[in-house]
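Fold and contact review
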Amino acid sequence: MVEFRKKSIRQLKQYRNLTDEEFDKIYSELVAGETTVKEFENRIQAKIDEFANDYDLSDLKINDMLTLRALAQAFITLEDFERYFFKLRSTESLTDTNIIFIEKINNVLSSLRRDITNLQNDLKITRRI
């Protein structure tokens, strides 16, 4: 199946005049991109499953499911940025450039936290509610 797909893609106009080496490089990038997307989708689904453990998601309408998906993505992004931020702080010494960069990352983290709070309020899944 994979070989058939590769042959089908090879026949597309934009790839016909490429050498085999050029096409193989492009094809492997396409496949790697798909793998990355699948991994991200799996992370999103795992986060949604975590929410399902705490909340009844059976009655959510499509707009609520899309909001829940956005919330899951925001949490994943926040986790990734926090991991990156921790690594940056623990491996690099402070310089003028780093301080500006750290400040920008902090602003992104704060913005993500606000977005998460707003999405939780939209779904009415805050601790207050």
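The structure presented is a predicted model; accordingly, all values stated were derived computationally and were not measured.

**A closer look at the side chain of K47**
Position of K47 among the secondary structure elements: in helix α3 (residues 20–54). Excluding anything up to four places from it in sequence, K47 contacts A72, F75, I76 and E79.

**Details of the nonpolar core**
Counting 19 residues, the largest nonpolar core has L68 and L71 as its most contacted members. Of all the secondary structure elements, the ones that give two or more residues to this core are α3, α4 (62–91) and α5 (96–123). Among the elements that line this core, the one with the most residues is α4, at 8 residues. Each residue touching L71, except ones within four places of it in the same chain, is listed here: F51, I116, L119, Q120, L123 and I125.

**Observations regarding the pattern of salt bridges**
Scanning all chains against the criterion turns up 7 salt bridges. The residue E41 makes a salt bridge to R69 at a minimum N-O spacing of 2.7 Å. Taken as a pair, E41 in helix α3 and R69 in helix α4 lie far apart in primary sequence, 28 residues in all. Relative accessible area serves as the criterion here: at 27%, R69 is assigned to the partly exposed category. Taking the shortest distance from any N to any O, the salt bridge between E82 and R113 comes out at 2.6 Å. One end of the pair, E82, is in helix α4; the other, R113, is in helix α5, with 31 residues separating them in the sequence. On the basis of relative accessibility, which here comes to 33%, the residue E82 falls in the partly exposed class. Using a relative accessible area of 39% as the deciding quantity, one classes R113 as partly exposed. Several salt bridges converge on common partners, so that one network encompasses R43, D80 and R83.

**So, the confidence of the model for the protein**
Per-residue pLDDT for the protein has a mean of 86; in total, 91% of the residues score no lower than 70. At the level of individual helices and strands, the protein shows its lowest average pLDDT in helix α1 (residues 2–10), which scores 72, and its highest in α4, which scores 92.

**A look at the packing of aromatic side chains**
How two aromatic rings sit relative to each other is given by the distance of their centres and the angle of their planes. In this structure the tally under the stated criterion is 5 aromatic pairs. Put simply, the rings of Y15, F23 and Y27 touch in pairs and so form one group of aromatic residues.

**Notes on α5**
Within an α-helix, residues lying three or four positions from one another point in the same direction, as the helix has 3.6 residues per turn. Taking 1.5 Å as the rise per residue, α5 with 28 residues should run 40 Å; its terminal C-alpha atoms sit 41 Å apart, in good agreement. Along α5, the residues that are buried comprise N98, I102, I105, L109, L112, I116, L119, Q120 and L123. For α5, the elements touching its buried residues are α4. Positioned one or two residues after α5, K124 has a phi angle of 60°, which is positive.

How each quantity is defined
- Residues numbered from 1 in each chain as written.
- Predicted model: local features only at pLDDT ≥ 70, side-chain atom pairs only at ≥ 80, totals over all residues.
- Heavy atoms only, no water.
- Helix = DSSP H or I, 4+ residues; strand = E, 2+ residues; numbered from the N terminus.
- Contact = heavy atoms within 4.5 Å.
- Core = buried A, V, L, I, M, F, W, Y, C linked by side-chain atoms within 4.5 Å.
- Buried < 20%, exposed > 50% of the residue type's maximum accessible area, 1.4 Å probe, protein only.
- Salt bridge = Lys/Arg side-chain N within 4 Å of Asp/Glu carboxyl O.
- pLDDT = per-residue confidence, 0-100.
- Phe/Tyr/Trp six-rings, centres within 6.5 Å; stacked < 30°, edge-to-face > 60°.
- Expected span 1.5 Å × (residues − 1).

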